[in-house]
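# Notes for the structure review
Each chain, letter by letter, is given below.
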Amino acid sequence: MIFCPLPLRGEGTIGHVADQSGFQPYFEAIGFGRWSFIDLLFRSRSLEIDTAESLDAVAAVVDKAVSQHGTRPQHLLAVLRQIQKDCHYLPKQALQSVARRFSLPLARVVGVAEFYGFLHTQPRGEYDIYFSDCVIDVFHDSEALMQRLCHRLRLQPGAVRGDRRVSIDTTSCTGLCDQGPALLVNGWPVPRLTPTLMDAMADHIERRVPVTQWPAEWFLIEDHLCRHDLLLNTPWRPGTGLKNALRQGVGWLLEQLTASGLRGRGGAGFPTARKWQFCRETPGDHYVVCNADEGEPGTFKDRELLKHYADQVFEGMTLAAFVTGARLGFLYLRGEYECLLRPLQAALRQRRCLGLLGRNLCGLMDFHFDIEIVVGAGAYICGEESALLNSIEGLRPHPRNRPPYPVTCGLWNQPTVVNNVESFAAASLIAVHGGEWFAKVGTEKSKGTKLLSISGDCARPGIYEVPFGITVAEVLGLCGSGETLGVQVGGPAGTFVAPSDYQRRIAYEDLGTGGSFMVFGSHRDIIDIATRFAQFFAHESCGFCTPCRVGTSLQLRLMEKIRRGWATAGDIQELESLKQLLEASHCGLGHTAHNPVQHTLAHYPGHYQARLRDLDFSPGFDLDNELETARQLTGRFGDHLRQV
Ligand SMILES: Cc1cc2nc3c(=O)[nH]c(=O)nc-3n(C[C@H](O)[C@H](O)[C@H](O)COP(=O)(O)O)c2cc1C
Ligand code: SF4
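Residues numbered from 1 in each chain as written. Chains lettered and ligands numbered in written order. Predicted model: local features only at pLDDT ≥ 70, side-chain atom pairs only at ≥ 80, totals over all residues.

Scanning the chain from N- to C-terminus turns up 29 helices and 16 strands. Taking 26 Å as the expected radius of gyration for a compact globule of 644 residues, we find that the chain reaches 26 Å, a close match to that expectation. Along the three orthogonal principal directions, the C-alpha set of the chain runs to about 90 × 75 × 55 Å. Burial statistics for the chain: of 644 residues in total, 49% are counted as buried. Here the analysis covers contacts within the chain between residues at least 6 apart in sequence; of these, 72% occur between residues at least 24 apart. (Helix = DSSP H or I, 4+ residues; strand = E, 2+ residues; numbered from the N terminus. Rg over C-alpha atoms; globule rule 2.2 N^0.38 Å. Buried ≥ 20, exposed ≤ 12 C-beta atoms within 10 Å, placed from the backbone. Contact = placed C-beta atoms within 7 Å.)

Here it is as structure tokens:
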């Protein structure tokens, strides 16, 4: 099946409102052609011209965003995203106005605005383009394609063109590694890029064809659901699990979840029944949150679950609400998946119509639960559950101190269940078929199946639902890999598995994973792979704590030095010593940032050695040599120190 997420624009957009102003003929007459009134006002903003009209236009944009989304804390991100879309950046006056509307200090709004990759306080292009710099996309020529587009449009990567028509930059994995290389244009994903497509895109941009009128086939996201098992293949109807649970009670549902052995599919593998039970036992206003941030490079299984199994995911959230007593839930959707927002909202509306969401659920007088969707704005750290909660609360999304954990102190410091998309989808099936049915598949400690997002050098990239306990070799057989250098399981933070270890198993007791499975052919360069992962961590470090902020940058610099053949044995020692520094980090991102370096160093020491300029230890900085010029100039050769 094929899905076309084309953006809709028209009545209700600020361009439409502003073009009613009557200024358009005037601007056309003086030679601004088809530039809209609003474009001119925002271009004048970027030149710091404070005209009354431009201030009015900013106010109109903020009015529209606020009336569309609201002014509760969870709406802040949506309002900022909307303003960014309409103005192509976040003007200072807009941020001031937002701060007033939300009754927040300006510093807090600016702090949020400056955090996210897709929000900007300086003007961006009318066509704002981000190429995925995930290692898989890069190995499929995304850098050359970006250069080609930049060349055709006469701008540098990372820059905004002088006429503010277009800006081109990179972003971390866009969740399309099975059909990369990919980019986002004004938030809309374009997969399967080719040189011909780049030329055609440049032509459309130069001719100022709105993205809505670009060929629909450019936006087609193919489904690659290559292997179905328990989760993807079991027939399921909306409401069946929920009604079953309501009939048999909370105790029964928790028993079934315990018997199923379901563990969190986001990567950490915490038992789901225990999480829900702890949350239930903590007094307060409970919340349920679905983590659909899916930012781990090489992961895209939640994309397909949300596309085809959204109802099942929402039912899982409703079951969690039944257990905990929550009345409100949030689905946190990564900004890169904004194209899924409308279908997801439609699925929520449908459930409300069926009496499966909203007030008096399934006809019960005291069961009320509804779900809101919050869309992120390009920050990997928001996948970390406590950062995600801060993001929903309209705060800068730094990870919180743990403990306390979200189950006791989550959203607005209330007990909160946070689960991955796949965990909720599995729970809704367990509520129908029971725990034993689920636990029949898998290993002793890892029950059921796991969705793997397989990408890279293999014949059939896509999503494979495999039983826990399957070996890496068996997975490689399924996806049709040739000669391989190794496999990265669990994204950059996970484990690099060399061919000698291909009998290792996908299971929490061996290779735990959130689902990313990147295959690297034997022609790939291990140092290049590790450097790209180091770059990912340095870019995505939220900067909150020093060990990670500094450690990830130092790690990247050392890896670059090795990659370019400038390093010595001393640099390898320094690289190894960074592990200790990174382990002192505040959250999981910093704790795991050394993994790719550590694993590749362990498996491929020869590859590293071969890249060194000097096999002997030689310090990166030769103090004695550096001082020599100063000694010559001053005529002091150390004798004065001896006198002292
Ligand atoms: C840096 C970082 C990024 C994470 N990204 C995700 C993510 O994208 N999706 C996800 O479900 N869990 C992610 N997690 C794990 C979550 O913090 C949390 O453990 C998970 O959502 C809990 O759900 P589960 O029990 O169903 O796995 C991430 C953790 C860290 C440290
Ligand atoms: S470890 Fe990194 S990502 Fe986590 S809080 Fe520290 S700086 Fe932020």
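Next comes the rest of the description.
The end-to-end C-alpha separation of helix H17 (residues 341-353) is 18 Å, in line with the 18 Å expected for 13 residues at 1.5 Å each. Buried residues of H17: Leu-344, Ala-347, Leu-348 and Arg-351, and no others. For H17, the angular spread of the buried residues around the axis is 100°, confining them to a single face. Across H17 from its buried face, at more than 90 degrees, point the exposed residues Arg-342, Ala-346, Arg-349 and Cys-353. Its buried side turned inward, H17 meets helix H15 (301-308), helix H16 (310-324), strand S9 (328-333) and strand S10 (370-375). Immediately downstream of H17, the backbone of Gly-355 shows phi near 75°, a positive value. (Expected span 1.5 Å × (residues − 1). Arc of directions from axis to C-beta.)

On to the site of ligand 1. In the region of ligand 1, 22 residues are neighbours, and Gly-264, Gly-266, Gly-383, Asn-420 and Gly-588 sit closest. Elements with a minimum of two residues in the shell around ligand 1: strand S11 (416-420) and helix H25 (588-592). The leading source of residues in the shell around ligand 1 is S11, at three residues. Along the lines of polarity and charge, the residues of the shell around ligand 1 split into six nonpolar, 10 polar and six charged. (Near = placed C-beta within 6 Å. Nonpolar A, V, L, I, M, F, W, Y, C, P; charged D, E, K, R; others polar.)

Glancing now at the sheet that holds strand S2 (residues 127-132). Overall, mixed pairing links the four strands, which are arranged S3-S2-S4-S5 in an open sheet. Single-partner strands in this sheet number two, and they are strand S3 (166-171) and strand S5 (188-190). With strand direction ignored, the average angle separating the axes of adjacent strands in the sheet is 25°. Pairing of S2 with S3 involves six bridges; the strand directions are parallel. Each bridged residue has a counterpart across the sheet, and for Ser-132 the counterpart in S3 is Thr-171. Where helix H9 (residues 142-153) meets the sheet, it contacts S2 and S3, and its direction lies at approximately 170° from that of S3. (Pairing = 2+ DSSP bridges. Axes fitted to C-alpha atoms, helices over the stretch in contact; angles between N-to-C directions.)

What follows concerns unusual backbone geometry. Of note, the amide linkage connecting Arg-402 to Pro-403 takes the cis form, showing an omega dihedral of -5°. Among the structural elements, Pro-403 can be located in the loop between helix H18 (385-392) and S11. With an omega of 0°, the peptide bond running from Pro-403 to Pro-404 counts as cis. Mapped onto the elements, Pro-404 comes out in the loop between H18 and S11. For Arg-208, which is not glycine, the phi torsion reads 55° and is therefore positive.

Turning next to the domain arrangement of the chain. By the assigned domains, the chain splits into domain 1 (2-113), domain 2 (127-222), domain 3 (226-439), domain 4 (449-524) and domain 5 (527-611). Here the C-alpha centroids of domain 2 and domain 5 sit 29 Å apart. (Domains from an automatic or database assignment.)

Now for the packing of helix H12 (residues 240-248) against helix H19 (residues 421-433). Where H12 contacts H19, the axes come no closer than 8 Å and their chain directions differ by 55°. Judged by the inter-axis angle, H12 sits oblique to H19. For the element pair H12 and H19, the recorded crossing hand is left-handed. Judged by residue contacts, Thr-240, Gly-241, Leu-242, Asn-244 and Ala-245 of H12 engage Ser-428, Leu-429, Ala-431 and Val-432 from H19. Class assignment for the residues of the contact of H12 with H19 results in five nonpolar, four polar and no charged. (Parallel < 35°, antiparallel > 145°, perpendicular 65-115°, else oblique. Left-handed = near helix turned anticlockwise from the far one by under 90°.)

Let us now look at helix H13 (residues 250-260). For H13, the full list of buried residues reads Leu-253, Gln-256, Leu-257 and Ser-260. Angularly, the buried residues of H13 cover 100° about the axis, an arc narrow enough to put them on a single face. Against the buried residues of H13 lie H12, helix H14 (272-281), H16, H19 and helix H20 (435-439). Gly-261 sits one or two positions beyond H13 and adopts a positive phi of about 70°.

Moving on, we get to the site of ligand 2. Neighbouring ligand 2 are 15 residues; Cys-542, Cys-545, Cys-548, Cys-587 and Gly-590 lie closest to it. Counting residues per element, the ones that place at least two in the shell around ligand 2 are helix H23 (546-563) and H25. Tallied by class, residues from the shell around ligand 2 come to eight nonpolar, six polar and one charged. Here the shell around ligand 2 spans two domains, since at least three of its residues come from each of domain 3 (226-439) and domain 5 (527-611).

Glancing now at the pairing of S11. For S11, the tally of buried residues reaches five of five residues, placing the bulk of the element in the interior. A two-sided burial pattern is seen for S11, the buried positions comprising Thr-416, Val-418 and Asn-420 on one face and Val-417 and Asn-419 on the other. Of the strand pairs in this sheet, strand S8 (residues 287-292) and S11 are connected by five bridges, and their pairing is parallel. In the sheet register, Cys-290 faces S11, and the bridge partner there is Asn-419.

On to the pairing of strand S16 (residues 516-521), then. Within S16, five of the six residues are buried, leaving the element largely enclosed by the surrounding structure. Judged from the four bridges that link them, strand S12 (residues 449-456) and S16 form a sheet pairing that is parallel. If you follow Gly-456 over to S16, its bridge partner there is Val-519. In this sheet, S16 lies alongside strand S14 (residues 484-489) in antiparallel orientation, the contact comprising five bridges. By the bridge assignment for S16, Val-489 is matched with Phe-517.

Attention shifts here to the sheet that holds S16. Here six strands make up an open sheet; going across it, the order is S7-S13-S12-S16-S14-S15 and the pairing mixed. A strand with exactly one partner marks an edge of an open sheet, and here the two such strands are strand S7 (225-227) and strand S15 (495-497). In this sheet, adjacent strand axes meet at a mean angle of 30° when their direction is disregarded. Judged from the two bridges that link them, S7 and strand S13 (residues 462-467) form a sheet pairing that is parallel. When the bridges of S13 are listed, Arg-227 appears paired with Tyr-464. The strands touched by helix H26 (residues 595-603) within the sheet are S14 and S15, with S15 carrying the most contacts at an inclination of about 25°.

A few words now on the environment of Leu-220. Its location among the elements puts Leu-220 in the loop between helix H10 (195-206) and strand S6 (221-222). When the C-alpha positions of Leu-220 and Ile-168 are compared, they lie 21 Å apart, and in sequence the two are 52 residues distant.

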